[in-house]
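An overview of the molecular structure
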Amino acid sequence: MKLFLNLGIWLALPASLAFAGDDPITLESNKAAIELVQSHADYLWTLIAACLVFFMQAGFALVEAGFTRAKNSINIMMKNLMDFSIGSIVFFAVGFGLMFGVSKGGFIGTTGFFLSDYTPGGDPWVLAFWMFQAVFCATAATIVSGAMAERTKFIGYIAYSIGLSAIIYPIFGGWAWGSLFNGSGWLEGLGFIDFAGSTVVHSVGGWAALAGAIVLGPRIGKYTKEGKIRPIPGHNIPLAALGVFILWLGWFGFNPGSTTAANKDIAMIFVNTNLAAAAGSILAMITSWVKFGKPEISMSLNGALAGLVAITSPCATVSPMSSIIIGAIAGVIVVFSVLFFEKIRVDDPVGAVSVHGVCGAWGTLAAGIFNMGGTSASIIGVQLIGIAACFAWTFPLAFILFKLIDKTIGLRVSKEEEMTGLDQTEHGGNAYPDFEVSSYIQG
Amino acid sequence: MKLFLNLGIWLALPASLAFAGDDPITLESNKAAIELVQSHADYLWTLIAACLVFFMQAGFALVEAGFTRAKNSINIMMKNLMDFSIGSIVFFAVGFGLMFGVSKGGFIGTTGFFLSDYTPGGDPWVLAFWMFQAVFCATAATIVSGAMAERTKFIGYIAYSIGLSAIIYPIFGGWAWGSLFNGSGWLEGLGFIDFAGSTVVHSVGGWAALAGAIVLGPRIGKYTKEGKIRPIPGHNIPLAALGVFILWLGWFGFNPGSTTAANKDIAMIFVNTNLAAAAGSILAMITSWVKFGKPEISMSLNGALAGLVAITSPCATVSPMSSIIIGAIAGVIVVFSVLFFEKIRVDDPVGAVSVHGVCGAWGTLAAGIFNMGGTSASIIGVQLIGIAACFAWTFPLAFILFKLIDKTIGLRVSKEEEMTGLDQTEHGGNAYPDFEVSSYIQG
Amino acid sequence: MKLFLNLGIWLALPASLAFAGDDPITLESNKAAIELVQSHADYLWTLIAACLVFFMQAGFALVEAGFTRAKNSINIMMKNLMDFSIGSIVFFAVGFGLMFGVSKGGFIGTTGFFLSDYTPGGDPWVLAFWMFQAVFCATAATIVSGAMAERTKFIGYIAYSIGLSAIIYPIFGGWAWGSLFNGSGWLEGLGFIDFAGSTVVHSVGGWAALAGAIVLGPRIGKYTKEGKIRPIPGHNIPLAALGVFILWLGWFGFNPGSTTAANKDIAMIFVNTNLAAAAGSILAMITSWVKFGKPEISMSLNGALAGLVAITSPCATVSPMSSIIIGAIAGVIVVFSVLFFEKIRVDDPVGAVSVHGVCGAWGTLAAGIFNMGGTSASIIGVQLIGIAACFAWTFPLAFILFKLIDKTIGLRVSKEEEMTGLDQTEHGGNAYPDFEVSSYIQG
């Protein structure tokens, strides 16, 4: 680090711009310098957006911890920390190459493992791009954590996390976003619109979450012996709400950052993202008010997330007014979807399947319906193909992965461990030792 | 999203800069490209600053929740979520046009509703600017929430929130910031200095908060039958402190972002903002130490906020040394102001009236006194006119609005509901079901 | 603030670029404009990075509060608030001049106090640079807070904080980073590599923390009468985990921001920072799993921090693969270091000495070993000199400072105060009055 006190000039500047001191100034050298400054802005934006998306990890962790019981809070924090940590290393070693490497067979990338496309002194853009993609991969992985909360063996969860970050997410992602290279991006080739990943990130996470919740089965006490639904309220709603605010903030990196370039397009993406989230939370609140007689907070918070997930695909190609409609519909859908899955005994403590899977599909469809450039049966058809392909790829593969884990290292903790709480049995700790916590004895 | 693995060039660059491949390079085309790159930097800064200001919503929510009782935490989170969600939609539909639209009558804007000034393919700057203004509007709205905490009917609060975001804030804001268009900005025309909104945002919020607290009356138990003040301590101080750190962070978007341009001016605004906050927290701590015998945390935290509010108006036009003085004085003022309002039976659980109303007025006055370009009776006179106009516009209007709500849908919950807590009665929930919470039975 | 509704042009642009309307466009004026736009990007990045580093204050506060008992939470928040507030003013008045001012005697800077090198209308770069350096100084100061938690007198802590921010940190920092000016940067002159401050910030904080913990002695109850170690678990693990996520985020400002320029180098620094943190948390988890039979959360969280501290020095000069190795080794070191200090009766409630002192030293050494430009005994030798100089300067000076405080205003609270908790005795408050908190009576 250097300072230039008393010198009155900004010495680093010529260096960043690589103007050689005595070279003549030409139109071409000026043009090259302009391009360089623009590329610096592109780096800044892509990496700052990556910061915002990274912070979503904290948001997901808080939402999940807040919406579940105190006795499992350490476990939830550990899962989210490891999701990101292990995901980062795995995506560095394997995932990124499968997703964006040059594809030999037209199906998966086969170069770029361990960031081997980068050589010191070479163009570092691949590093900036990797950073942005790595936080996306981690988002897909961490979505699943919520649906499997309060009953999953830690080691089993880690095994899943590696599978999703190394294989399931990157290969599908390459289909939708990797088209430049020898045809691995077949969905992109069809014209599939998924600007920032309603399908690529959120539905992949959501359908994997569905598989996980099904393989695990419901938590003890979630359904009475007579088969009635029993609510298991979250232990810290302010934390969950903070998590949603953090996620909303992070989405301003997630969607506008997907330009990976500093240009004027980001303005509309910001506005659309914000309006859809706002509409989603309002409509989910109203829906819960009508249905339950009171404006419920967990539905309202999930409504904001539903709007955000839904606008993720169409954010760059629909108008602000359409964004409000898309978000509002997502806010209604999420309430009914949560109730539906609860009814068919898929126990998803945070509503991840509904928020990310179902609303991700809705948003992807909406990108076709509300497309500013006009819509058609063919455009909508391609969107449906993308939605279907995501489910067809992710759900069975994740289901097999979870079954495999279940049969080998084990996916679910014992009944005693679940009753006691995972904090104590899996991690030897207690999240709140100074407080009287009643969930420790709760069923 | 695209990557350029193995290509070694940054393809997006020419596209962002719109250099046509075969066009000759000229001085003019280079100049246009330079201006374009600068505008990209302006977009980035304005939108990143909007992110920081958005995050202040979480800060306000945590400060309010932390400084009040556990039995009302869900209600507080809901109010803050809905403030922002409803505020976003209302400011999109109505407020922005009133504030920044072209003014026909010289008093309020009458174009730009529903962002209708933007047409796809047109200049998207209005979208970036809207985003930044929308988070400002939401800040004004959310200030009021704290002063009305623990006893306000949820539906009544929503009605107020719509009124402030649609009418009260935008019209005053247009007077101070909308001068470009046919004279609606009469205060700006007088030379009124309010760079980032000590008056426009904070005093508007603060005086509306005062009206709300007066119309509501104090919480049950705040004053004994003998009329003595009874402290009602906040239930989660670490959350409140986190909220203040988040607000301080957000203010680095609030003040420097008000350039809405990436230029060198932001450096001094950053430094001034930080020094005023630091001085405010130190002086409030010392004042509480002298007055109560111990360095109190709620005063110290409010002191930081007081310094931030006070420097919001003068941050671009005073020196760093003056900023320390301005912040320090705010830190002293806030302590005495909180005690004053408590004494005259205005029950403001978080000190919002003192922090935002009173210190907003002080900061606006200070912008005249400490103006780097020199001061005069006339400059100070204009500042006083602005301060008075804000009170004269906001307080009666907000008072009438609250009275109107009170007489129609109702503003205050019943005594039983207040005793039980709003989480249960208004939202059917419990913020901390796993913990033994005593405020559930507290008066 | 201005908007340009209906005008379709971005008026601020020529102003930011200072193109005079009628001046002829020349190659030179274009080049000057390009340099100006690049400098705007440099300002943006340096100040946005400063925001991220500022937010680390919240992260440190949460980690410290989460890892200690509920009865001391207010005190911890106050210390962290005042660390930053007082540190800001002191670094403005004294520290910055000592660190980066022109050095007359070749040892310390002697100009630039009270930011006197800046004159209105002059180059504001010094203000942007000050902002970034001020948040660095505050980081060094706040590290110590954790090691001294739960037993330090508030006034004594403030006295230390002033000493570190005014003298200890800036003078050492000048040696490592101030070489431009008349030789005060003797370490930099030797070729010492400490890009973002593993030694300058973290080891300075860590060794001061060691001195503080030694002078204070262990908390009551930390060791039984028979001399056995007794764990004192933290009271809010989700808060601590949130703190680590915030710190991780902040480090994306800390390390890449140390370019203080918007260039392409930041990409690799981002990637290295992230991979080292990930590897650190994974290896610390595995180490705790092997040693204690369960994957422990406090070790895993500290492992992430250990990786971050370790990569801080080498982040700009090692490869991503080396970063994984450096972080992984830090993750192992931190577990054994924590156990070592606990064993020799240095009671460090959050592991600050191990994370910042020991892993800071490791990272600085690693910068020599893994240097991309090649290593040698001489390079490693210089790194060892820097590490030793840091300890030799910081530890004795901090030790003397703490002893001095102890003998005068007092450093440790009384036994009764410690048992009761500092929140009540030092600040007259209660962090969680609505909850049943058992640590209030805990030894």
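Points about the overall build of chain A
Looking only at helices and strands, one finds 15 helices and 0 strands in chain A. Rg of the C-alpha trace for chain A: 23 Å, near the compact-globule value of 22 Å for 443 residues, within the 12% margin. Its C-alpha atoms give chain A principal-axis dimensions of roughly 85 × 50 × 50 Å. Within the span of chain A, comprising 443 residues, buried residues form 67% of the whole. Contacts spanning at least 24 positions in sequence make up 76% of the contacts within chain A whose residues lie at least 6 apart.

Observations concerning helix H7 (residues 198–216) of chain C
Residue and element names in this part refer to chain C. The end-to-end C-alpha distance of H7, which contains 19 residues, comes to 25 Å, matching closely the 27 Å that a straight helix rising 1.5 Å per residue would cover. Within H7, 19 of the 19 residues are buried, which leaves it mostly tucked inside the rest of the structure. Count one or two residues on from H7 and you reach glycine 217, which has phi positive near 80 degrees.

A look at the nonpolar core
Grouped together as the largest cluster of nonpolar side chains are 511 residues, with contacts concentrated most on A:Leu44, B:Leu44 and C:Leu44. Apart from the residues lying within four places of it in its own chain, the contact partners of B:Leu44 are A:Ala41, A:Leu44, A:Trp45, A:Ala262, B:Ala262 and C:Leu44.

Details of the relation of the copies chain B and chain A
With an RMSD of 0.0 Å, chain B superimposes on chain A once it is rotated by 120 degrees and translated 0.0 Å along the axis. On the angle and the small slide along the axis, the relation comes out as a three-fold axis. Mapped onto chain A, only 12% of the interface residues of chain B are again interface residues, and the two copies thus contact each other with different surfaces.

A word on the interface of chain A and chain C
Counting residues at the interface gives 65 residues for chain A, matched by 76 residues for chain C. When residues of the side of chain A that touches chain C are traced back to their parent elements, those giving at least two are helix H1 (12–17), helix H2 (27–66), helix H3 (73–100), helix H4 (125–147) and helix H15 (422–427) of chain A. For the side of chain A that touches chain C, the element with the most residues is H2(A), which contributes 19 residues.

Brief notes about the interface of chain B and chain A
Between chain B and chain A, the residue contacts involve 64 residues of the former and 76 residues of the latter. Taken together, the residues that form the side of chain B that touches chain A break down as 47 nonpolar, 13 polar and 4 charged.

As for the relation of the copies chain A and chain C
Mapping chain A onto chain C calls for a rotation angle of 120 degrees and an axial translation of 0.0 Å; the resulting RMSD is 0.0 Å. The fraction of interface residues of chain A whose copies in chain C are also interface residues is only 12%, indicating that the copies meet through different surfaces.

Quick word on the confidence of the model for chain A
Chain-level statistics for chain A give a pLDDT mean of 92 and a share of 92% at 70 or above. Under a pLDDT of 50 for its full length, residues 1–15 of chain A has, in the predicted model, 27 contacts with residues more than four places off or in other chains.

Considerations on unusual backbone geometry
At A:Arg345, a position not held by glycine, the phi torsion is positive, near 65 degrees. Of note, B:Phe114 is a non-glycine position whose phi angle comes to about 55 degrees, a positive value. With respect to the secondary-structure elements, B:Phe114 resides in the loop between helix H3 (73–100) and helix H4 (125–147). Owing to 14 C-beta atoms within 10 Å, B:Phe114 belongs among the partly exposed residues under this scheme.

Digging into helix H11 (residues 320–343) of chain A
Taking 1.5 Å of rise per residue, 24 residues should cover 34 Å, and H11(A) covers 35 Å from first to last C-alpha, within 8% of that figure. Two residues or fewer after H11(A) comes A:Arg345, characterised by a positive phi angle close to 65 degrees.

A closer look at the environment of B:Asn255
All names here are of chain B. Positionally, asparagine 255 belongs in the loop between helix H8 (237–254) and helix H9 (265–292). Accessibility expressed as a C-beta count within 10 Å gives 29 for asparagine 255, which makes it buried. Residues asparagine 255 and alanine 316, 61 residues apart in the sequence, show an inter-C-alpha distance of 8.4 Å. When residues no more than four places from it in sequence are discounted, the contact partners of asparagine 255 are Ala196, Ile269, Thr273, Thr312 and Cys315.

With respect to the packing of H4(A) against helix H12 (residues 352–369) of chain A
All names here are of chain A. Packing of H4 against H12 leaves a shortest axis separation of 8 Å and a crossing angle of 140 degrees. The angle between the axes of H4 and H12 places the two elements in the oblique class. Only Ala352, Val353 and His356 of H12 make contact with H4, whose side of the interface consists of Ile143, Gly146 and Ala147.

Side note on the environment of C:Ala41
Residues and elements named next belong to chain C. By secondary structure assignment, the location of alanine 41 is in helix H2 (residues 27–66). You can call alanine 41 buried: it has 27 C-beta atoms within 10 Å. Along the primary structure alanine 41 and threonine 142 are separated by 101 residues, whereas in three dimensions their C-alpha atoms are 30 Å apart.

Rules of the game
- Residues numbered from 1 in each chain as written.
- Chains lettered and ligands numbered in written order.
- Predicted model: local features only at pLDDT ≥ 70, side-chain atom pairs only at ≥ 80, totals over all residues.
- Helix = DSSP H or I, 4+ residues; strand = E, 2+ residues; numbered from the N terminus.
- Rg over C-alpha atoms; globule rule 2.2 N^0.38 Å.
- Buried ≥ 20, exposed ≤ 12 C-beta atoms within 10 Å, placed from the backbone.
- Contact = placed C-beta atoms within 7 Å.
- Expected span 1.5 Å × (residues − 1).
- Core = buried A, V, L, I, M, F, W, Y, C linked by C-beta atoms within 7 Å.
- Least-squares fit on C-alpha atoms with pLDDT ≥ 70 in both.
- Nonpolar A, V, L, I, M, F, W, Y, C, P; charged D, E, K, R; others polar.
- pLDDT = per-residue confidence, 0-100.
- Axes fitted to C-alpha atoms, helices over the stretch in contact; angles between N-to-C directions.
- Parallel < 35°, antiparallel > 145°, perpendicular 65-115°, else oblique.

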